[in-house]
Amino acid sequence: MMDKTFDPASVEARMSALWEAEGAFRAARPERAGAQTFSVVIPPPNVTGSLHMGHALNNTLQDILCRFERMRGKDVLWQPGTDHAGIATQMVVERQLMERNEPGRREMGREAFLERVWAWKAESGGTIVGQLKRLGASCDWSRERFTMDEGLSKAVLKVFVELYRQGLIYKDKRLVNWDPKLLTAISDLEVQQVETKGHLWRFNYPIEGETYDPENPATFITVATTRPETMLGDTAVAVHPQNERLGHLIGRHVILPLVGRRIPIVGDEYADPEKGTGAVKITPAHDFNDFEVGKRHNLPLINIFDQEARLVLSQNPAFVEDVSASEELTATIAALDGMERFAARNLIVSMMQERGLCPLIEPYAHTVPHGDRSNVVIEPWLTDQWYVDAKTLAQPALEAVRDGRTKFVPKNWEKTYFDWLENIQPWCVSRQLWWGHQIPAWYSPWGGVYVAESEEEAFAAALADGVERGALTAEEAEALANDPERLADTIRRDEDVLDTWFSSALWPFSTMGWPDDADPALARFYPTSVLVTGFDIIFFWVARMMMMGLHFMKEVPFADVYIHALVRDEKGAKMSKSKGNVIDPLVLIDQYGADALRFTLAAMAAQGRDIKLATSRVEGYRNFATKLWNAARFAEMNGCARSASFVPGAVEQTLNKWIIGEVARAAHDITTSLCAYRFNDAANAAYKFVWNVYCDWYLELAKPVLQGPDGAAKDEARATAAWVLDQIAKLLHPFMPFITEELWAINGRSGPARETILALAEWPDRAGHENAAAEAEIGFVVDLVSEIRSVRSEMNVPASALMQLVIVAANANLRTILIPWIDTIKRLARLSDVVFHTEAPGESAQMIVRGTVAALPLAGVIDIDAEKARLRKEIGKEEKEVGKVDAKLANADFLARAPEEVVEENRERRQEALDRIARMSAALQRLG
């Protein structure tokens, strides 16, 4: 006997062990050697990570596709692995050292610190893998990869060296996002824009040749800035060429206060005449937009900060050269040199005020870039870094999407992809960290740079170069080559590591063994079938995988890119720790089971629409699992068992023909939806079939037979009910793998022995089993009872009231269909009688069911006039509600100021009210 209740925790553990024992998720199964392939690479979560709701959605959708295609007979590879997560992992280990009062990484040295990181990874780095398994992820875990595995590291070295030799990787001095706490460049993805209440300072810059007079605008030009501390690095003031008020100053110069530097006023469209003062201070070394202005006008770049964002003036050539010519500059250097940037900001403002050069300070709200891990303000900083020529690599990636070799779903995300790639900038790939792939470049004292796949190759190149340059004699080179310690001290390797996204860009082919040929997976599974990912990393990961895949494999890395939306809280707000609205998927799994969470996410994953996740929805789908479990128990208690002789196409009872046809329809709808990545449509089709069609209607309609006398009809009903349960297990398995695998095992105890576990069973293909005649008969009964129940509810008919049903002008065929079902209809719709008449009686509620008129006489059952009055009153209330919401939505100020989730909530309230009005209006119309 089945347990009375479904216990997710115990079942999940057992099913996970079963799948592992069976090797259910292994790719390249011998029996599928000739099968079509389906491959997916997991977006590798950070090795430091813990499962969050975004992971849960992303991996649920991938798993649904993989289980679905595996059951369709394909050879499936779902490639798992984790990312080394350079900054995140280094921070975790450094924090651990600090908490234990152990020496920091710089005291330990690079080699000892990296040993500690590897030890941490071995001890704690697999947490998220276990959590993904709890979710039910059917990856081929035997192939799990890590971005710093030996094989993947070999791929990274080869790619870097080849791109360098092709002129597509180079070293350059450019602006980067610099984190002055972590002391490294970071990517745009790691920069968080924080809304900040700050100030806007207005500074007067005296015009050269004019005697400064704060009362005479002709003697100065006013600029506005949110970052006064950067003024020391100004090398120009920009004015729009068509600025009628200030355009005449273009070509003249100003004298930079506090410094005495003579800087030009340049004409540039970057300066918006309608914004601020109309003039913009240009600091090319500390602002990304200013950097571009500087390039256009060939302006000098003056870096005023060190790596910790302290002012560097006394040792700065841009200041030291002019110090003898300016007493003011000498005083400025003495006051500000070595000062932290925000302390310097305050002092500079004071110095400008003392000189009468700061006429106005205004409160000003603006976004300020912060490091997402350090939480400090990011500084645009001029430094030497390694760059990839992304513009060249982007061209084939653009063409591949334009010509349809890779398709985005939803298609609108192609525009985001195109916009970024068409305007792509050089990709900074170096990071000032220790944990990561160390850049394979070595430097010699005689000025050489040697990029190579191995130290031996680099040393040989350096020594040969030294001899060729005359920096070494042949004998000195040979002696150096024979002294490894001195050689390593002389030829030094670049200390920086590569951006984590560099190795991630190779993920689709590096995980399959490239550049070696030992792993046959590359030839069989590349290019992959689909990538499932979030919109926020289209730039950082999707586009870069396209670039690298096309450049090194000469093929796109994936045929389709499915972009899923965000998981928000139930009110539509983005989840964040600061708001306290984060929902932990592991807590939901503990409370409701993995199947309930998975089904919730799938059912709500409409293309292009964010998910508003409420715990009540997960609880509702837990109830769905309970409904299925109870249906299986009901079938078991009524003797429903699999039969070796059962043939779906040979059943004789109309009800059984109907349910088999409904299985065919559900299988078609689910299959079609999954193939189109319409996960919500697929889940809802499965839900409707299981809950409504099978549980609410088939089992209910079959009860008289199942609980009646023995005989052929009962045997057929039992076998059909059991067979349909097997089909349900298959159709639901991609969404709810644990409960369905358990039910498959339970149902397999009777009847013929199972040939396989459910995860490897054949997907239902019941084409040809639809039966139009059976659907016409049973479908009419179902629709009739449903409509009667709806009318009773709308009209406030007491549940205890037994009513008469009148079928109007029924032909002989309809009577033949209905008469065998009259007792069932009476029982299910709470009727006293079903009669046939040529006309509908007065004071009745009329319904049209598949073209047939049916009527429920209401006289004596309800007070019709009172019911009409009630409905009119309720309609009036709802119309007032719609009016209120319409007024809000028509208010431009409301739309501009209200949070997105509040606007959406009002739109939903309006639609719900309109739906209620429609239902009540239909009820009122029935009353005449």
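Presented here is an overview of the structure given in this document. Just so it is clear, the structure is predicted and the values come from calculations on it, not from any experiment.

Each value, and the rule that gives it
- Along each chain, numbering runs from 1 in the same order as the chain's sequence is written.
- Residues qualify for local features only when their pLDDT is at least 70, as the model is predicted, and side-chain atom pairs are given and counted only at 80 or more; totals for whole chains, interfaces and linings, by contrast, use all residues.
- In computing side-chain values, all of the structure's heavy atoms are included and hydrogens and water are not.
- The helix and strand labels rest on DSSP assignments: H or I over at least four residues marks a helix, E over at least two residues marks a strand, and numbering proceeds from the N terminus.
- Only protein chains enter the accessibility calculation, which uses a 1.4 Å probe; a residue is then buried when its area is under 20% of its type maximum, exposed when over 50%, and partly exposed in between.
- Contacts are residue-level and defined by heavy atoms, with any inter-residue pair within 4.5 Å sufficient.
- For the area figures, the Shrake-Rupley method with a 1.4 Å probe applies, and any residue is considered shielded solely by the protein chains shown.
- Charge convention: Lys and Arg are scored as positive, Asp and Glu as negative, and His as well as the terminal groups of each chain are ignored.
- Charged groups are reduced to one reference atom each: NZ for lysine, CZ for arginine, CG for aspartic acid, CD for glutamic acid.
- The rule is short: rings of Phe, Tyr and Trp, with Trp giving its six-membered ring, pair when the centres are within 6.5 Å, and they are stacked under 30 degrees, edge-to-face over 60, tilted in between.
- Two strands pair under a simple rule: DSSP has to find at least two bridges between them.
- Fitted lines through C-alpha atoms give the axes, limited to the stretch in contact for helices. The angle between two N-to-C directions lies from 0 to 180 degrees.

Next up on the list: the overall build of the chain. Broken down by element type, the chain carries 33 helices and 29 strands. Counting across all 928 residues of the chain, residues that qualify as buried make up 54%. Within the chain, contacts between residues separated by at least 24 positions form 77% of all contacts whose residues are at least 6 apart in sequence. Summed over its atoms, the accessible surface of the chain is roughly 41000 Å², and 49% of this surface lies on carbon and sulfur atoms. Looking at charge distribution, the chain has the averaged site of its 103 positive side-chain charges lying 6 Å from that of its 131 negative ones.

Our next topic: the packing of aromatic side chains. For the structure shown, the criterion picks out 36 aromatic pairs. Pairing Tyr-170 with Tyr-387 gives two aromatic rings, centres 6.1 Å apart and planes at 25°, and the pair type is stacked. One end of the pair, Tyr-170, is in strand S5 (residues 169-179); the other, Tyr-387, is in strand S14 (residues 379-388), with 217 residues separating them in the sequence. Residue classification places Tyr-387 among the buried positions, given a relative accessible area of 1%.

Another aspect to go through is the sheet that holds strand S9 (residues 236-239). The mixed open sheet is built from four strands, whose spatial order is S10-S11-S9-S12. Sheet topology places strand S10 (253-256) and strand S12 (279-282) at the edges, where each strand pairs with a single neighbour. Each strand axis lies, on average, 30° off the axis of its neighbour in the sheet, ignoring direction. With three bridges joining them, S9 and strand S11 (residues 261-267) adopt parallel strand pairing.

So, on to the sheet that holds strand S28 (residues 844-849). With mixed pairing, the four strands of this open sheet are ordered in space as S27-S26-S29-S28. The sheet is open, and its two edges are formed by strand S27 (831-837) and S28, each paired on a single side. Taking the axes of each pair of neighbouring strands and ignoring which way they run, one obtains an average angle of 25° across the sheet. The pairing of S28 with strand S29 (residues 852-857) spans six bridges and is classified as antiparallel. From the neighbouring strand, Met-847 faces S29, where its bridge partner is Ala-854. Relative to the sheet, helix H28 (residues 772-794) contacts strand S26 (803-808), S27, S28 and S29, its axis offset from that of S28 by approximately 150°.

Everything listed here is a matter of coordinates, which is why it stays silent on function.
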